[in-house]
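Survey of secondary and tertiary structure
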Amino acid sequence: MTSKEKDQIDVVADVASDTTSNQDLYKAEYHYEVTNKWKFFFLNEPGHPLNADLFDGEDYNIDTILSYEDDQRTDKKTAPLWKKIIGFFWDPIFLPPSERKYMLKIDFFIYIYAILACFIKYLDQTNINNAFVSGMKEDLNMYGSNDYNLLTTYFNIGYLSFSVPMSILMKYIRPSILLPSCEILWTFLVMIMAVAKNKETIYGLRLLQGVIEASSFPGLTMLIGEYYSKESLGKRMFMLDATGSVARMFAGYIQAGVYTTMNGRYGLPGWKWVFLVDGFISIPVAVLGFLFLPDFPRNSKAFWLKKKERQFALARAKLNKKAQPKPMTIKSIIKTFTSWKLWLFVTTYATGVIGLNSTSYFALYLKWLKKYSVQQINLIPTAGSAWQFLSMLIFSAGSDYTGNRVGWICLNEFIGFLSCLLLSIWNIPFGALIFAFILGFGTLSAQTILMGWFADVFYDEPDLKAINIGLGNTIVYSFNAFLPLGIYKSNEGPRYNLGYKISMMFFIIGFIMAWVFWFVTNWYNKKRDIEEEKENSKELNA
């Protein structure tokens, strides 16, 4: 118990002694303790136990652990070839056995939930597109020029409106409570879509779905950023983003399977069954979140972490210079939103991602050809999702292993530029056009690499890391909510001449901004290193 808490109890005791009996005093203290436990369960306040007592009675401390573990690490340069190959994809192979076991445990429990949660999230988002081309358009009379785009627009409005508030909420409510609870809520919204009678109901549900889902991705990236070092972040962020690729593939397979086997069953068309199937598999995933998510290293009470492993968590947080997450005040919020670091990231992040709109219209192009069945229209785009998964794995692992973030991002932007260039030309052989559509799916790596890059550079600023993804997604979703309505009009498809050119422009800007981010962060790192050296010199001379 902190001195502040003791003072509060003393105040309670003084008041109670003047006006109540000893029994009333006991009730007052009991009420305080119960209230404090309730707060600890939900909030991340500075006064709460932060595993600070983990080293009480031990003959070693955090520095002892760090010194021992550093001596036991394997140098990448001198490691045998087999370790280098494994380390390209799983870097803990270079750690000593005890720390490697801890990291394996963290990877397992965090990512069992994170991967499944992101899979469900992307599945819920993309199934609306599959449903549209699988009968929903005809059943709900969605023949308007922008009816298809409005499905995305309403979702984006909800998402962008609550991305930042949800990120701030993560500073108060434990991730192990907030994230699974939100998943249960949006699952029910998706299932309700199966009984929608008109497009207006679908639009309203998509709006609410966006509001609730705004917690998921920023929350998970913030949590992961607290547990991993710069050698690991790119690949771990890839594992989150890559679930989108897998989910898009499975969305096609599920929709094709459901349409074939369930269409007309119990009077429901196939596109409605896919929403119900999503719900059936989502609830168990949310339950896993309550059990598996460990919260933050300094306040984790996860049942699956032993005392030694919690000590490792504190030691790694110190090694990686992770600042303790604290509730944000009005002053800290203003300071964060006026920081050049935040807006540098947001500009680089948004310009590198907005161009991805060009891949959203592949299925509509296939339907326009009038030569493929509904099942084929759902399955063919999964080739793009497979390429997206592979490219993200190669790019993120490569950026972690080489440390050259800017080079891999620029290669990503060039791929997007080439895809949009071919699509804007349009009058090219059929095979080349299909290649251009599929090639464009491989441009999500910039987002993954940049998230790890930012967490690596600004490791000591938890408020920035709490806001950056939420605000970045807000900007991206703002563009995606309204930009397609003007440049990807439904009645102009599938040759969106203006749309592909605008997307190409964003890839060019993203290429330039990657180099701007590299230049500014290099300058900032050198400046910070000089200041830290001066501080260390003062301490030694003191």
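Residues numbered from 1 in each chain as written. Predicted model: local features only at pLDDT ≥ 70, side-chain atom pairs only at ≥ 80, totals over all residues. Heavy atoms only, no water.

The interhelical angle for the contact between helix H17 (residues 382-402) and helix H20 (residues 445-457), taken along N-to-C directions, is 30 degrees, at an axis separation of 9 Å. Taken together, the axes of H17 and H20 lie roughly parallel to each other. As for the relative orientation of H17 and H20, their crossing is right-handed in sense. Note on element contacts: H20 touches H17 through Ser445, Thr448 and Ile449, opposite Ser391, Met392, Phe395, Ser396 and Ser399. (Axes fitted to C-alpha atoms, helices over the stretch in contact; angles between N-to-C directions. Helix = DSSP H or I, 4+ residues; strand = E, 2+ residues; numbered from the N terminus. Parallel < 35°, antiparallel > 145°, perpendicular 65-115°, else oblique. Left-handed = near helix turned anticlockwise from the far one by under 90°. Contact = heavy atoms within 4.5 Å.)

To continue, consider the environment of Leu483. Within the element layout of this structure, Leu483 appears in helix H21 (residues 462-487). Counting along the chain gives 126 residues from Leu483 to Asn357, while the straight-line C-alpha distance between them is 9.4 Å. Apart from the residues lying within four places of it in its own chain, the contact partners of Leu483 are Ile354, Tyr488, Ile502 and Phe506.

For Ser399, the location among the structural elements is in helix H17. The buried category is assigned to Ser399, whose relative accessible area is 0%. Dropping the residues within four chain positions of it, Ser399 is found in contact with Asn404, Arg405, Trp408 and Ile449. (Buried < 20%, exposed > 50% of the residue type's maximum accessible area, 1.4 Å probe, protein only.)

Right, let's get into unusual backbone geometry. Positive phi, normally seen in glycine, also occurs at Asn141, with a value near 55 degrees. One non-glycine residue, Lys370, adopts positive backbone phi at about 55 degrees. The topology assignment puts Lys370 in the loop between helix H15 (362-369) and helix H16 (374-379).

Another aspect to go through is the packing of helix H5 (residues 97-139) against helix H7 (residues 175-192). In contact at an axis separation of 11 Å, H5 and H7 are set at 25 degrees when each is read in the N-to-C sense. One element, H5, and the other, H7, form an angle in the roughly parallel class. Pair H5 / H7 crosses with left-handed handedness. Between H5 and H7, the contacting residues are Tyr113, Ala117, Ile120, Lys121 and Asp124 on the first element and Leu179, Pro180, Glu183, Trp186 and Val190 on the second. Partitioning the contact of H5 with H7 into residue classes produces seven nonpolar, no polar and three charged. (Nonpolar A, V, L, I, M, F, W, Y, C, P; charged D, E, K, R; others polar.)

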